[in-house]
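# Commentary on secondary and tertiary structure
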Amino acid sequence: MSKIEKHEFQAEVKQILDLVVRSLYSNKDIFLRELVSNACDALDRRRFEAITNSDFEPEGDYEVTIQREPGDRILTVLDNGIGMSRREVVENLGTIAHSGSKEFLAALAQQGQTTPDLIGEFGVGFYASFMVADRVEVVTRRLGEDTGTLWRSSGDAEFIVEDAERAGPGTTIRLHLKAVDEENGLKDYMTEWTIREIIKRYSDFVSYPIRMEIESTDSKKKNQIETLNSMKAIWTRPKNEVTDEEYREFYKHIAHDWTDPLSHISVKLEGAVEARALLFIPSKAPLDLYYQEMSYRGIQLYVRQVFIMDECKDLMPRHLRFIKGVVDSEDLSLNVSREMLQQNRQISAVRKFLVRKIFDELRRLKQHESEKYQRFWREFGAVLKEGLVGWDDKKETILDLMLCTSSTSAGEFTGIEDYVNRMKDGQDIIYYITGPDQETLANSPHIEKFVDQGHEVLFLSDRVDEMWLQQPPEYKGKKWKSVGADDVEIGENQKQEKKDLQNKTAKPKNLLSTLQGHLSDQVKDVRLSSRMTDSPACLVSDSDELSPQLAAMLREMGQDVPRIKRILELNPDHPIVVSLQEKFEQDKNAPEIEEYALLLHGQALLAEGAELPNPTDFGTRVAQLMEKALQDSSNSRRAETP
Ligand code: ADP
């Protein structure tokens, strides 16, 4: 018995549909690209299942068919792919399935307005149908199931599903077209050449035939079924014959991204292992780039031009997971499985080769297309740096590609290589500081002396920096040192400075131990330092211990990391410290001593962008201090007036 169910679209889908139906976006042709692209994915998936079960092979070819019924203005796109079960229909065509649409919504939310161009920049997939149709019906049957499902909607708030018959597995999408409106980009999608042109433009390289019935001009002859696309795998064609537009469209097809890629890499591996690859560097990071289980479409594997699988993670290291593309192997067996790939020697040879080519291209971009490269780095730099964690021989290469800002770069990017070239004579250490953002780092007390003495300090503010800097790889023979480390050596006159400091320390020794006593829960030592020029205090870490940021990250990840006590350093020349010493000499038990210990510690935390253990307490103390300062100043003014 056929059960008819009415469903509401998920709120996000309604939002998208609302925009799509009003359809302010001018390029409406792309609806067909989206439908063809989905059909191809479904064919790919059926073919993959048929590898292990030959019953799943279709009788004829794997194909996409386009039908036109001009009388009723119905355009149909059908495939004999994997199809969808009833549950899948409700899920896939009622909620947001793919990340492009999610990004689209995120961008909408960010802009707080409905910019029509956003539809062009992001994908809305299947829902793009409603740009050209006011009613859509989908009849689909999942491979391996007997009955099908009908899904229909007018693109408003709801859709209806019921059981339906379909001759074999696959999906049929029937679009009841809106009236032609050339002015608003609605072409007549009933005409043969319009369809031909769109397919040629967006889907020519698709590896399945896209067929359409063509009316015979001779009324005595029967209509012909014609294949509209050349099906020529774009990566097998000579590079100079493929236009940039073809590359771009191919990228959009495989990556389900509507934004043009930043760059493409077309390569051929010859010799013991043979393969071709066409890889793309996207221009925008997907939202799920940092999810552990990111469902990236990544690399598609073909064997001798036959599609084998999507998401072939074994062909790309994790820190290059943003690369999209196709790899076509000459050597692998057609029924290679995911498990077999993991240890396959050919696959690892191809992977090594691809990684080298990607790095070559990145290096080229960095050298010759600086602006583009900076865009790349903003989107993917932090992912690339994941390659610096763990064991990999590519570390120096990644460091070559790294960009960051520094104490002298005024917010502009600089390369590490450039930094090394600018190092002062006798400097053999790369100085850096990590923290939450550029601004905090630029104002950090830790860099004061370095800046004062003309030493450049690199600013590293990505989360991953904390990780790889635990064991930083040498770069051009230079070691790395955090300016927030307790034992970093500053300045040229180390010996003299140390001596001066010792002399200064001799006097307030008791003060330092008293302060330490008040802060014993938070810090393991309070001492004087020549690190600062303007700030009164800062916190430094033991070189062998985890940085506080890393400790916090590990805790966030659920690890049990013990509290790490750091060292509070005071600037002996700062007026606060000088006055505190005077106060201490007058009265060792003055309540201000404890008060100032807590305030200085809190202030040092704030200066590095860290969170205070008890912000309310700190706030109250600051308020009391302000109150007292105001009272004191008006008291003294009153005393002055005769
Ligand atoms: P995307 O294709 O980018 O994931 P869509 O909104 O275009 O997003 O489609 C949503 C989902 O619906 C697809 O991921 C797929 O699972 C399913 N789907 C769409 N078209 C077809 C089809 N022709 N055959 C089988 N499944 C399909």
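All of the points below concern the structure found in this document. Note that the structure is predicted; figures quoted are calculated from it, not measured. (Residues numbered from 1 in each chain as written. Predicted model: local features only at pLDDT ≥ 70, side-chain atom pairs only at ≥ 80, totals over all residues. Heavy atoms only, no water.)

### A short note on the overall build of the protein
Along the protein, the regular secondary structure elements total 21 helices and 22 strands. Taken over the C-alpha trace, the protein has a radius of gyration of 33 Å; the compact-globule value for 642 residues is 26 Å, which it surpasses by more than 25%. Along the first, second and third principal axes, the C-alpha set of the protein runs to 115 × 65 × 45 Å. Looking at the protein as a whole, 51% of its 642 residues qualify as buried. Surface accessibility of the protein: about 31800 Å² in total, with carbon and sulfur atoms responsible for 47%. Put simply, the protein has 85 plus and 112 minus side-chain charges, and the middle of one group is 2 Å from the middle of the other. (Helix = DSSP H or I, 4+ residues; strand = E, 2+ residues; numbered from the N terminus. Rg over C-alpha atoms; globule rule 2.2 N^0.38 Å. Buried < 20%, exposed > 50% of the residue type's maximum accessible area, 1.4 Å probe, protein only. Areas by Shrake-Rupley, 256 points an atom, 1.4 Å probe, with all protein chains shown as cover. Lys, Arg positive; Asp, Glu negative; His and termini not counted. Charge placed at Lys NZ, Arg CZ, Asp CG, Glu CD.)

### Remarks on the pattern of salt bridges
All chains considered together, the criterion is met by 48 salt bridges. For the salt bridge of E226 with R196, the shortest nitrogen-to-oxygen distance reads 2.8 Å. Taken together, the positions of E226 in strand 9 (residues 224-227) and R196 in helix 6 (residues 192-203) put the pair 30 residues apart, joining distant regions of the chain. If you follow the salt bridges from partner to partner, you end up with K3, E5, R86 and D163 in one network. (Salt bridge = Lys/Arg side-chain N within 4 Å of Asp/Glu carboxyl O.)

### Thoughts on the packing of aromatic side chains
Applying the stated criterion across every chain yields a total of 21 aromatic pairs. Note on F126 and W151: the rings are 5.3 Å apart at their centroids and 80° apart in plane angle, and the pair reads as edge-to-face. Note that F126 is positioned in the loop between helix 5 (117-121) and strand 4 (133-141) and W151 in strand 5 (residues 148-153), a separation of 25 residues in sequence. On the accessibility criterion, F126 (7% relative accessible area) is buried. Take W151: its relative accessible area is 0%, and that puts it in the buried class. A centroid spacing of 5.1 Å and a plane angle of 90° characterise the contact between W468 and W480, whose relative ring orientation is edge-to-face. Within this pair, whereas W468 is found in helix 15 (residues 463-468), its partner W480 is found in strand 19 (residues 479-482), the two being separated by twelve residues in sequence. (Phe/Tyr/Trp six-rings, centres within 6.5 Å; stacked < 30°, edge-to-face > 60°.)

### Some words on the packing of helix 17 (residues 509-518) against helix 19 (residues 575-586)
Look at helix 17 against helix 19: their axes get within 10 Å of each other, and the N-to-C directions meet at 95°. With respect to each other, helix 17 and helix 19 are oriented roughly perpendicular. Between helix 17 and helix 19, the residues in contact are N510, L511, T514 and L515 and L580, Q581 and F584, respectively. Residues that form the contact of helix 17 with helix 19 fall into these classes: four nonpolar, three polar and no charged. (Axes fitted to C-alpha atoms, helices over the stretch in contact; angles between N-to-C directions. Parallel < 35°, antiparallel > 145°, perpendicular 65-115°, else oblique. Contact = heavy atoms within 4.5 Å. Nonpolar A, V, L, I, M, F, W, Y, C, P; charged D, E, K, R; others polar.)

### Here we look at the pairing of strand 12 (residues 299-303)
Summarising burial for strand 12: five of the five residues are buried, a large majority. Of the two faces of strand 12, the one holding I299, L301 and V303 and the one holding Q300 and Y302 are both buried throughout. Note that strand 12 and strand 14 (residues 324-329) share five bridges and pair parallel. Across the sheet, the residue bridging to L301 is V327, located in strand 14. In sequence, strand 12 turns back onto strand 13 (residues 306-309) through a hairpin of two residues, with R304 there showing a positive phi of about 45°. (Pairing = 2+ DSSP bridges.)

### Some words on the sheet that holds strand 13
Sheets are built from strands paired through backbone hydrogen bonds, the pairs being either parallel or antiparallel. As summarised here, the arrangement of the five strands in space is 10-11-14-12-13, forming an open sheet in which the pairing is mixed. One side of each edge strand has no neighbouring strand; the edge strands of this open sheet are strand 10 (263-269) and strand 13. In this sheet, neighbouring strand axes are inclined to one another by 20° on average, regardless of whether the strands run parallel or antiparallel. Those strands touched by helix 9 (residues 345-368) are strand 10, strand 11 (275-281) and strand 14, and its axis lies near 140° from that of strand 10.

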